[in-house]
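Spelled out, the chains give:
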Amino acid sequence: MTQALELYGLKRCSTCVKAMRWLDEHGIAYTFTDYRDQPIDPKLLSQWSQALGGWDKLANRASMTWRNLPPERKTPGSDAEWLALASEFPTLIKRPLMVRAGQIAALGFSEKKYSELIG
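This one's a predicted model, so the numbers in the text were calculated from it and none came from an experiment.

Novice: Which residues make up the pairing of strand S4 (residues 103-107), and what values go with them?
Specialist: Both strand S3 (residues 97-100) and S4 contribute to a ladder of four bridges, which runs antiparallel. Residue pairing in the sheet places Leu97 in a bridge with Leu107 of S4. The turn linking S3 back onto S4 is made up of two residues, and Ala101 within it adopts a positive phi angle of 55°.

Novice: Please provide a residue-by-residue account of the nonpolar core, values included.
Specialist: Ranked by size, the top nonpolar core spans 34 residues in total, and within it Leu23, Tyr35, Leu45, Trp48, Leu97, Tyr114 and Ile118 carry the most contacts. Listing elements by their share of this core, those giving two or more residues are strand S1 (5-9), helix H1 (14-25), helix H2 (42-52), helix H3 (55-58), helix H5 (79-88), S3, S4 and helix H6 (111-118). For this core, the element with the highest residue contribution is H1, accounting for five residues. Excluding its chain neighbours within four sequence positions, the residues that come into contact with Tyr35 are Tyr8, Gly9, Leu10, Ile40, Trp48, Pro90, Ile93, Lys94, Arg95 and Leu97.

Novice: Describe the packing of aromatic side chains, and please don't skip the residues or the numbers.
Specialist: For the structure on display, the rule yields five aromatic pairs. Judged by centre distance (6.0 Å) and plane angle (10°), the rings of Trp66 and Trp82 are stacked. A residue pair is termed long-range when its members are at least 10 positions apart, and Trp66 in helix H4 (residues 64-67) and Trp82 in helix H5 qualify at 16 residues. Each member of the pair, Trp66 as well as Trp82, is classed as buried. What links up through ring pairs into an aromatic cluster is the set Trp22, Phe109 and Tyr114.

Conventions we followed
- Residues numbered from 1 in each chain as written.
- Predicted model: local features only at pLDDT ≥ 70, side-chain atom pairs only at ≥ 80, totals over all residues.
- Heavy atoms only, no water.
- Pairing = 2+ DSSP bridges.
- Helix = DSSP H or I, 4+ residues; strand = E, 2+ residues; numbered from the N terminus.
- Core = buried A, V, L, I, M, F, W, Y, C linked by side-chain atoms within 4.5 Å.
- Buried < 20%, exposed > 50% of the residue type's maximum accessible area, 1.4 Å probe, protein only.
- Contact = heavy atoms within 4.5 Å.
- Phe/Tyr/Trp six-rings, centres within 6.5 Å; stacked < 30°, edge-to-face > 60°.

And the structure:
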C-alpha cells in the first residue's frame, strides 16, 4: 500500500483539482489542506522555503495576486516579510504542494511527475 500523502493548495484551483482527481483515480490516499481555510504554520512555510531553495521557489509570481501587489511589496527582504505576504495572500504560495514522509515531494502538478513519484 502506498504511503498517504499530504496535498496543500486551494480547493478551487484548477491545478489542485487536477492533482486530486489524478490521486483519486489512482487510489492514492491523501489529505488536502486549503491554504485559505487552514493557514499554514509560519514555521512550516519557512521550512518549505528552505527545502525548495528560497522564497522565490515557493512564491507564485505568475499569479494575479502577485501582479496586483504594490511595487514596494514585491521585494520582501526577510523571512518575516515573506511570511506576512503569505499570511495576507495565501494565493501567493505555489500549488499544489505535495508532502510525503514530511518532505516536499512535488510542487505543481503534471501526470508524468506524479506517475514517477508514486507510480
